[in-house]
Amino acid sequence: NLLEKLLVPLLAKLGNLVLDGGIWLSTQRPEWNDANNALVGHGISVVTLCYMRRYLRFLQELLAAEQGTVELSAEVATWLSDIASALADIRPWLDRGPVSASQRWQALEKLGVAASRYRQSVYADTPFTGKVAYPLAQIHEFLGAALAAIDHSIRSNRREDGMYHAYNLLDLGAGEARVDRLYLMLEGQVAALSSGALGPAETAALVESLFS
(Lines give C-alpha, C1' and ligand atoms only; values in the text may rest on other atoms or scores of the structure.)
Protein backbone atom coordinates (compact mmCIF):
# COMPACT_ATOMS: atom_id res chain seq x y z
CA ASN A 1 0.00 0.00 0.00
CA LEU A 2 0.98 3.65 -0.18
CA LEU A 3 2.08 3.91 3.45
CA GLU A 4 4.50 1.02 3.05
CA LYS A 5 6.00 2.69 -0.02
CA LEU A 6 6.40 5.92 1.96
CA LEU A 7 8.01 4.20 4.95
CA VAL A 8 10.59 2.14 3.05
CA PRO A 9 12.85 5.03 1.89
CA LEU A 10 12.80 6.51 5.41
CA LEU A 11 13.75 3.16 6.93
CA ALA A 12 16.54 2.73 4.37
CA LYS A 13 18.08 6.10 5.26
CA LEU A 14 17.70 5.49 9.01
CA GLY A 15 19.75 2.32 8.54
CA ASN A 16 22.67 4.63 7.70
CA LEU A 17 22.10 7.23 10.43
CA VAL A 18 25.28 8.29 12.23
CA LEU A 19 24.13 10.11 15.36
CA ASP A 20 25.31 13.74 15.42
CA GLY A 21 27.00 13.17 12.06
CA GLY A 22 24.40 12.67 9.33
CA ILE A 23 23.56 9.92 6.85
CA TRP A 24 26.45 7.64 5.94
CA LEU A 25 27.15 7.62 2.19
CA SER A 26 27.89 3.91 2.21
CA THR A 27 26.22 2.85 -1.05
CA GLN A 28 29.26 3.38 -3.32
CA ARG A 29 27.27 6.04 -5.18
CA PRO A 30 27.44 9.84 -4.90
CA GLU A 31 24.63 12.02 -3.67
CA TRP A 32 22.89 14.58 -5.86
CA ASN A 33 25.98 16.78 -5.71
CA ASP A 34 28.66 15.32 -8.00
CA ALA A 35 31.27 17.46 -6.28
CA ASN A 36 31.03 15.07 -3.34
CA ASN A 37 32.03 11.93 -5.24
CA ALA A 38 35.17 11.73 -3.11
CA LEU A 39 33.04 11.34 0.03
CA VAL A 40 31.42 8.07 -1.06
CA GLY A 41 32.19 5.31 1.42
CA HIS A 42 33.34 7.49 4.30
CA GLY A 43 31.28 10.67 3.97
CA ILE A 44 28.30 11.59 6.16
CA SER A 45 25.61 13.89 4.80
CA VAL A 46 23.96 16.51 7.00
CA VAL A 47 22.16 17.74 3.88
CA THR A 48 20.32 14.41 3.53
CA LEU A 49 19.54 14.48 7.26
CA CYS A 50 17.86 17.89 6.94
CA TYR A 51 15.72 16.81 3.98
CA MET A 52 14.83 13.62 5.84
CA ARG A 53 13.43 15.82 8.59
CA ARG A 54 11.11 17.51 6.12
CA TYR A 55 9.97 14.12 4.85
CA LEU A 56 9.43 12.80 8.37
CA ARG A 57 7.32 15.82 9.34
CA PHE A 58 5.28 15.28 6.16
CA LEU A 59 4.57 11.71 7.26
CA GLN A 60 3.59 12.85 10.76
CA GLU A 61 1.13 15.37 9.36
CA LEU A 62 -0.21 12.87 6.83
CA LEU A 63 -0.90 10.29 9.55
CA ALA A 64 -1.90 12.65 12.36
CA ALA A 65 -5.60 11.69 12.32
CA GLU A 66 -5.08 8.03 11.42
CA GLN A 67 -5.78 5.31 14.00
CA GLY A 68 -6.20 1.56 14.13
CA THR A 69 -3.95 -0.68 12.04
CA VAL A 70 -2.48 -0.76 8.57
CA GLU A 71 -1.41 -3.75 6.47
CA LEU A 72 2.33 -4.04 5.84
CA SER A 73 4.43 -6.74 4.26
CA ALA A 74 5.64 -9.01 7.05
CA GLU A 75 9.29 -8.30 6.23
CA VAL A 76 8.77 -4.52 6.23
CA ALA A 77 6.85 -4.76 9.51
CA THR A 78 9.78 -6.60 11.11
CA TRP A 79 12.22 -4.04 9.70
CA LEU A 80 10.11 -1.19 11.06
CA SER A 81 9.94 -2.83 14.51
CA ASP A 82 13.71 -3.42 14.54
CA ILE A 83 14.50 0.20 13.60
CA ALA A 84 11.93 1.45 16.13
CA SER A 85 13.51 -0.69 18.84
CA ALA A 86 16.97 0.67 18.02
CA LEU A 87 15.68 4.26 18.14
CA ALA A 88 13.98 3.58 21.49
CA ASP A 89 17.31 2.37 22.90
CA ILE A 90 19.04 5.49 21.59
CA ARG A 91 16.48 8.05 22.78
CA PRO A 92 17.60 8.28 26.47
CA TRP A 93 21.07 9.36 25.31
CA LEU A 94 19.69 12.37 23.46
CA ASP A 95 18.76 14.27 26.64
CA ARG A 96 22.34 14.16 27.90
CA GLY A 97 23.97 16.30 25.22
CA PRO A 98 26.36 15.06 22.52
CA VAL A 99 26.65 11.29 22.23
CA SER A 100 30.00 9.59 22.76
CA ALA A 101 31.96 7.80 20.04
CA SER A 102 31.05 4.43 21.60
CA GLN A 103 27.35 5.33 21.77
CA ARG A 104 27.48 6.45 18.15
CA TRP A 105 29.00 3.08 17.22
CA GLN A 106 26.31 1.19 19.14
CA ALA A 107 23.54 3.16 17.45
CA LEU A 108 25.08 2.69 13.99
CA GLU A 109 25.43 -1.04 14.61
CA LYS A 110 21.83 -1.50 15.80
CA LEU A 111 20.33 0.48 12.92
CA GLY A 112 22.63 -1.10 10.34
CA VAL A 113 22.00 -4.66 11.50
CA ALA A 114 18.23 -4.05 11.33
CA ALA A 115 18.57 -2.90 7.71
CA SER A 116 20.88 -5.83 6.91
CA ARG A 117 18.36 -8.34 8.27
CA TYR A 118 15.66 -6.85 6.06
CA ARG A 119 17.93 -7.02 3.02
CA GLN A 120 18.73 -10.66 3.72
CA SER A 121 15.04 -11.51 4.14
CA VAL A 122 13.99 -10.02 0.80
CA TYR A 123 16.96 -11.57 -1.02
CA ALA A 124 15.89 -15.01 0.25
CA ASP A 125 14.23 -17.67 -1.89
CA THR A 126 10.75 -16.77 -0.60
CA PRO A 127 10.65 -13.00 0.02
CA PHE A 128 7.51 -11.13 1.05
CA THR A 129 5.74 -14.01 2.70
CA GLY A 130 2.49 -12.16 3.46
CA LYS A 131 0.81 -9.21 5.14
CA VAL A 132 0.46 -8.33 8.83
CA ALA A 133 -1.64 -5.75 10.67
CA TYR A 134 0.61 -3.07 12.16
CA PRO A 135 -0.68 -0.62 14.82
CA LEU A 136 -0.59 2.98 13.63
CA ALA A 137 0.08 4.03 17.22
CA GLN A 138 3.45 2.29 16.98
CA ILE A 139 4.18 4.06 13.69
CA HIS A 140 3.43 7.42 15.35
CA GLU A 141 5.84 6.48 18.16
CA PHE A 142 8.49 5.41 15.66
CA LEU A 143 8.23 8.70 13.76
CA GLY A 144 8.57 10.66 17.01
CA ALA A 145 11.69 8.73 18.01
CA ALA A 146 13.21 9.22 14.55
CA LEU A 147 12.49 12.95 14.70
CA ALA A 148 14.20 13.21 18.10
CA ALA A 149 17.35 11.53 16.76
CA ILE A 150 17.39 13.69 13.63
CA ASP A 151 16.81 16.95 15.52
CA HIS A 152 19.58 16.08 17.97
CA SER A 153 21.93 15.39 15.07
CA ILE A 154 21.04 18.62 13.24
CA ARG A 155 21.66 20.66 16.40
CA SER A 156 25.01 18.93 16.87
CA ASN A 157 26.06 20.15 13.41
CA ARG A 158 25.65 23.81 14.31
CA ARG A 159 29.05 25.50 14.19
CA GLU A 160 30.31 28.06 16.68
CA ASP A 161 29.71 30.82 14.12
CA GLY A 162 26.02 29.84 13.85
CA MET A 163 26.38 28.17 10.46
CA TYR A 164 25.83 24.46 9.81
CA HIS A 165 28.05 21.66 8.59
CA ALA A 166 26.99 20.15 5.26
CA TYR A 167 29.12 16.99 5.13
CA ASN A 168 31.33 15.19 7.63
CA LEU A 169 33.73 12.26 7.54
CA LEU A 170 33.16 8.99 9.41
CA ASP A 171 36.17 7.65 11.29
CA LEU A 172 35.55 4.07 12.48
CA GLY A 173 37.68 2.46 15.18
CA ALA A 174 37.36 -0.46 17.59
CA GLY A 175 33.86 0.02 19.00
CA GLU A 176 33.93 3.74 18.22
CA ALA A 177 32.51 5.95 15.48
CA ARG A 178 33.99 9.44 15.38
CA VAL A 179 32.93 12.41 13.25
CA ASP A 180 35.50 14.65 11.56
CA ARG A 181 34.27 18.00 10.27
CA LEU A 182 34.78 19.42 6.78
CA TYR A 183 34.94 23.05 5.68
CA LEU A 184 31.91 25.34 5.43
CA MET A 185 29.60 24.77 2.43
CA LEU A 186 26.60 26.73 1.19
CA GLU A 187 24.38 23.65 0.78
CA GLY A 188 24.55 23.00 4.52
CA GLN A 189 22.93 26.37 5.21
CA VAL A 190 20.24 25.83 2.55
CA ALA A 191 19.40 22.41 3.99
CA ALA A 192 19.28 23.68 7.58
CA LEU A 193 17.05 26.61 6.64
CA SER A 194 14.58 24.37 4.81
CA SER A 195 14.57 21.56 7.39
CA GLY A 196 12.02 23.14 9.73
CA ALA A 197 14.31 22.46 12.70
CA LEU A 198 15.22 26.12 13.23
CA GLY A 199 13.07 28.63 15.07
CA PRO A 200 12.39 32.12 13.67
CA ALA A 201 15.21 33.84 15.58
CA GLU A 202 17.78 31.19 14.62
CA THR A 203 16.60 31.28 11.00
CA ALA A 204 17.00 35.06 10.85
CA ALA A 205 20.44 34.87 12.45
CA LEU A 206 21.58 32.24 9.94
CA VAL A 207 20.36 34.30 6.99
CA GLU A 208 22.22 37.33 8.35
CA SER A 209 25.36 35.22 8.83
CA LEU A 210 25.29 34.21 5.17
CA PHE A 211 26.22 37.77 4.21
CA SER A 212 29.40 37.47 6.29
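Anyway, here's the lowdown on the structure attached to this text. Only a predicted model underlies this, so the values are computations on that prediction, with no experimental measurement involved.

### Some details on the overall build of the protein chain
- From N to C terminus, the protein chain includes seven helices and seven strands.
- Moving toward the C terminus, one meets the helices and strands of the protein chain in the order α-β-β-β-α-β-α-α-β-α-β-β-α-α.
- With the principal axes as the frame, the protein chain shows a C-alpha extent of 55 × 40 × 35 Å.
- Out of the 212 residues belonging to the protein chain, those deemed buried represent 47%.
- When the accessible area of the protein chain is evaluated, it comes to approximately 10500 Å², of which 54% is carbon and sulfur surface.
- Seen as two clouds, the 18 positive and the 23 negative side-chain charges of the protein chain have centres 0 Å apart.

### Observations concerning the nonpolar core
- Counting residues in hydrophobic clusters, the biggest one holds 60 residues, and the most contacted among them are Leu 14, Leu 19, Ile 83, Leu 87, Ile 139 and Phe 142.
- The set of elements that each furnish at least two residues to this core consists of helix H1 (2-14), helix H2 (46-63), strand E4 (69-73), helix H3 (74-90), helix H4 (101-122), helix H5 (136-156) and helix H6 (186-195).
- The element that contributes the greatest number of residues to this core is H5, accounting for ten residues.
- For Leu 87, the residues in contact, after removing those within four places along its chain, are Leu 14, Leu 111, Phe 142, Ala 145, Ala 146 and Ala 149.
- Leu 108, Leu 170, Ala 177 and Val 179 belong to the second largest nonpolar core, which has six residues in total.

### Re the environment of Leu 7
- Counting through the fold element by element, Leu 7 comes out in helix H1.
- Considering only alpha carbons, one finds Leu 7 and Val 76, 69 residues apart in sequence, at a separation of 8.8 Å.

### Re the pairing of strand E6 (residues 167-173)
- One ladder, built from three bridges, connects strand E3 (residues 43-45) with E6; its direction is antiparallel. Directly across from Gly 43, in E6, lies its bridge partner Leu 169.
- The pairing of E6 with strand E7 (residues 176-181) spans six bridges and is antiparallel. Bridge pairing in E7 links Leu 170 to Val 179.
- What sits between E6 and E7 in their antiparallel hairpin is a turn of two residues, with Gly 175 showing a positive phi close to 70°.

### Looking at unusual backbone geometry
- Even without a glycine there, the phi angle at Asp 20 is positive, about 65°.
- Among the structural elements, Asp 20 can be located in the loop between strand E1 (17-18) and strand E2 (22-24).
- One non-glycine residue, Phe 128, lies in positive phi territory at about 50°.
- Relative to the helices and strands, Phe 128 resides in the loop between H4 and strand E5 (131-135).

### Quick notes on H1
- Look at H1: 19 Å from first C-alpha to last across 13 residues, which is about the 18 Å you get at 1.5 Å a residue.
- Those residues of H1 that fall on the buried side of the exposure criterion are Leu 3, Glu 4, Leu 6, Leu 7, Leu 10, Leu 11 and Leu 14.
- Taking the backbone nitrogen of Leu 3 as reference, a side-chain oxygen 3.1 Å away marks Asn 1 as the first, capping residue of H1.

### Digging into the packing of H6 against helix H7 (residues 200-210)
- Packing of H6 against H7 leaves a shortest axis separation of 11 Å and a crossing angle of 160°. Classed by the angle they form, the pair H6 and H7 counts as roughly antiparallel. Between H6 and H7 lies a crossing whose hand is left-handed. In this structure, H6 contributes Leu 186, Gln 189, Ala 192 and Leu 193 to the contact, and H7 contributes Thr 203, Leu 206, Val 207 and Leu 210.
- Classifying every residue of the contact of H6 with H7 gives six nonpolar, two polar and no charged.

### Thoughts on the environment of Val 47
- Counting through the fold element by element, Val 47 comes out in helix H2.
- On the basis of relative accessibility, which here comes to 1%, the residue Val 47 falls in the buried class.
- Spatially, the C-alpha atoms of Val 47 and Gly 175 are 26 Å apart, while their sequence positions differ by 128 residues.

Conventions we followed
Residues numbered from 1 in each chain as written. Predicted model: local features only at pLDDT ≥ 70, side-chain atom pairs only at ≥ 80, totals over all residues. Heavy atoms only, no water. Helix = DSSP H or I, 4+ residues; strand = E, 2+ residues; numbered from the N terminus. Buried < 20%, exposed > 50% of the residue type's maximum accessible area, 1.4 Å probe, protein only. Areas by Shrake-Rupley, 256 points an atom, 1.4 Å probe, with all protein chains shown as cover. Lys, Arg positive; Asp, Glu negative; His and termini not counted. Charge placed at Lys NZ, Arg CZ, Asp CG, Glu CD. Core = buried A, V, L, I, M, F, W, Y, C linked by side-chain atoms within 4.5 Å. Contact = heavy atoms within 4.5 Å. Pairing = 2+ DSSP bridges. Expected span 1.5 Å × (residues − 1). Polar contact = N/O pair within 3.5 Å; in protein donor to acceptor, adjacent residues only side chain to side chain. Axes fitted to C-alpha atoms, helices over the stretch in contact; angles between N-to-C directions. Parallel < 35°, antiparallel > 145°, perpendicular 65-115°, else oblique. Left-handed = near helix turned anticlockwise from the far one by under 90°. Nonpolar A, V, L, I, M, F, W, Y, C, P; charged D, E, K, R; others polar.

Purely geometric stuff here, so don't read any function into it on its own.
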